Amino acid sequence: DLAAKHHFQPTRLLEMLREIQARDHHVSNEAVELLAEALRIPRTRLIDAIEFYSFFSSTPKGRYELRISDSITDKMLGKDALIDYLSEKLRVPVGGVRSDGLVSLDNTSCTGMCDQGPAGLVNGHALTRLDRARIDRIAGLIERQVPLAEWPSEFFHAEDNIRKPGLLLGQPIAQGEGLKAAYARGLNQTLAEIDASGLRGRGGAGFKTAAKWRFCAEEAESERYVVCNADEGEPGTFKDRVLLNAFADQVFEGMTLCAAIVGAQHGFLYLRGEYLHLYDKLQTILAHRREAGLLGRGILGRNFDFDIEIRLGAGAYICGEESALIESLEGKSGIPRNRPPYPVTHGYLDKPTVVNNVESFFAAAAIAVHGGGWFAAHGTGKSKGTKILSVSGDCARPGIYEYPFGTPVRTILDDCGAEDVLGAQIGGPSGTFVSNREFDRLLAFEDLATGGSFIVFDNRRNILDIARNFTHFFAHESCGFCTPCRVGTSLLRKQLDKIYDGHGSAGDVAVLDEICRLVKTYSHCGLGQTAANPVLTTLARYPETYESRLKKISYEPGFDLDAELETARRLANRSDAAAHLSQTGE
Ligand code: SF4
């Protein structure tokens, strides 16, 4: 029945697995067999997907599945003590299932609620502002087996916290306004306006939006796709959550505009699984757009058919990488593809595909209305317009801020009420740590490029705690496809832990530095290539902090490297000679 409901489409495998997991609290061998047969795909493809996505499990989870965000911002708000309290209160170990099967408890990567943590998920639904009092109530609801629909709505409430609207947030466009303006001006001229605006991809990479759209439009293949990447998983990033909660219609307008320009018939919004709470609302907005003649057949009475489908992710950070996202949309594990070819020529189902970030589509719709010059009048030479930031951490006013490119870090810190600042992590764990000696540096592609994460740390914080949290994050989120990242991120984590725990020698810092170089140089995709950044940037700025932890003069082995990597090898289905350290000589 499930396969029939999804038209026996293997591309919809994640949706089917999500439904099975929600109903049975795991995906059984029997379910795998049945689904593989119905979809006519190998069992191994399903098994790979279940192991790959953290929201699926082959063994039973609790009927109430609790996951608590392990993001650095949640830790700063006391998450570690809270999860221990929760564990004690519900008599369930962290990482385990209670013997009666009622509840399971685990850590999870950032849930995108850094401005209102500590946060978590219960059966996939976001929980905010956890504290002991709230946990007492949650534990009571679980013990009494109260359905989630009857839980107090404030437990799930997420504020938008828009603190500083600017060019885009300050003047949202009306429904249909962008498309009407584009047709009135002409689609080619509108693309020229987007080009003139200087808009660059807002996910962080900064590729010119107009160039990407033009490349796609120029492809000979007539079947084309538009994909909105709403899989923001970078710890400290939550601005796409707010854009989709408050301005989704404008984001959909930007996607439709793109489809009109490139000649696409089908669009996807790839929504991170952690934002399940937005799903119904977004479907309602899409339905309104169809009723208004802005989606579906004959949009605005023209010979233009286009519709948007929402697909949910399932807890894999790497799916924010555009080629991994496309693999995931096709119902596979999100392993990044070799590039070239790029998605713009060979994307979804190997067809030309534009993948842009939520903020890029949001901005493009406004540019269609106001023109390229309006946008380009703000910012710097190479960074036009504004950037929307997610600000969190040690500040009085965490939330969403919009600034023209070229704004100094100092201004942002002043606006958000940060005091006694040690530094700020800009661009998430893969970005840059800016110390309090560098606050004149600028928000811009020329200096500090960012997808939008801006985490403030005050002087109570220890730089090694920060580097360690980020390094653990990368080791957890490595997809396991390539050896330098799969092995290297685990080695980095272990080596840093050894130094952190006071078992390191001076030689261990040198080894740490060398592992960083190897991971950065030889990894297949951006995750691995940036996984060493937290160590490298903090090691360069605070060598004395690392040195203060070096208690041993002689070398002390911290662990058996090859044995420690057994789990990674199993998850990656690798047990060949090259996957063993002793045989690779690493
Ligand atoms: Fe996967 Fe890491 Fe290799 Fe990227 S670098 S493909 S995340 S193992």
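Structural data are supplied above this passage.
Residues numbered from 1 in each chain as written. Predicted model: local features only at pLDDT ≥ 70, side-chain atom pairs only at ≥ 80, totals over all residues.

A. A look at the nonpolar core. By size, the foremost hydrophobic cluster in this structure holds 166 residues, and its most contacted members are Val227, Val251, Cys258, Ala364 and Leu492. Not counting chain neighbours up to four residues away, the residues in contact with cysteine 258 comprise Trp213, Val226, Val354, Phe361 and Ala364. (Core = buried A, V, L, I, M, F, W, Y, C linked by C-beta atoms within 7 Å. Buried ≥ 20, exposed ≤ 12 C-beta atoms within 10 Å, placed from the backbone. Contact = placed C-beta atoms within 7 Å.)

B. Inspection of the pairing of strand E1 (residues 64-69) at higher detail. Within E1, 6 of the 6 residues are buried, leaving the element largely enclosed by the surrounding structure. Both faces of E1 are covered, namely the face carrying Tyr64, Leu66 and Ile68 and the face carrying Glu65, Arg67 and Ser69. Relative to strand E4 (residues 120-122), E1 runs antiparallel, the two sharing 3 bridges. Pairing of arginine 67 across the sheet is with leucine 121, part of E4. (Helix = DSSP H or I, 4+ residues; strand = E, 2+ residues; numbered from the N terminus. Pairing = 2+ DSSP bridges.)

C. Broad picture of the sheet that holds strand E5 (residues 125-127). The strand order E2-E3-E1-E4-E5 describes an open sheet built from 5 strands, whose pairing is mixed. The open sheet has two free edges, formed respectively by strand E2 (96-97) and E5, since each of these has just one partner strand. Two strands pair when backbone bridges link them, and E4 and E5 are joined in this way by 3 bridges, in the antiparallel orientation. Bridging across to E5, glycine 120 finds its partner in leucine 127.

D. How the structure looks around helix H13 (residues 279-291). Compared with an ideal rise of 1.5 Å per residue, which puts 13 residues at 18 Å, H13 spans 19 Å between its outermost C-alpha atoms and is within 8% of the ideal. Of all the positions in H13, only Leu282, Leu286 and Arg289 are classed as buried. Looking straight down H13, one finds its buried side chains confined to an arc of 60°; they lie on one side. In H13, the exposed positions that point more than 90 degrees away from the buried face belong to Asp280, Lys281, Gln283, Thr284, Ala287 and Glu291. Phi for glycine 293, located one or two positions after H13, is positive at around 75°. (Expected span 1.5 Å × (residues − 1). Arc of directions from axis to C-beta.)

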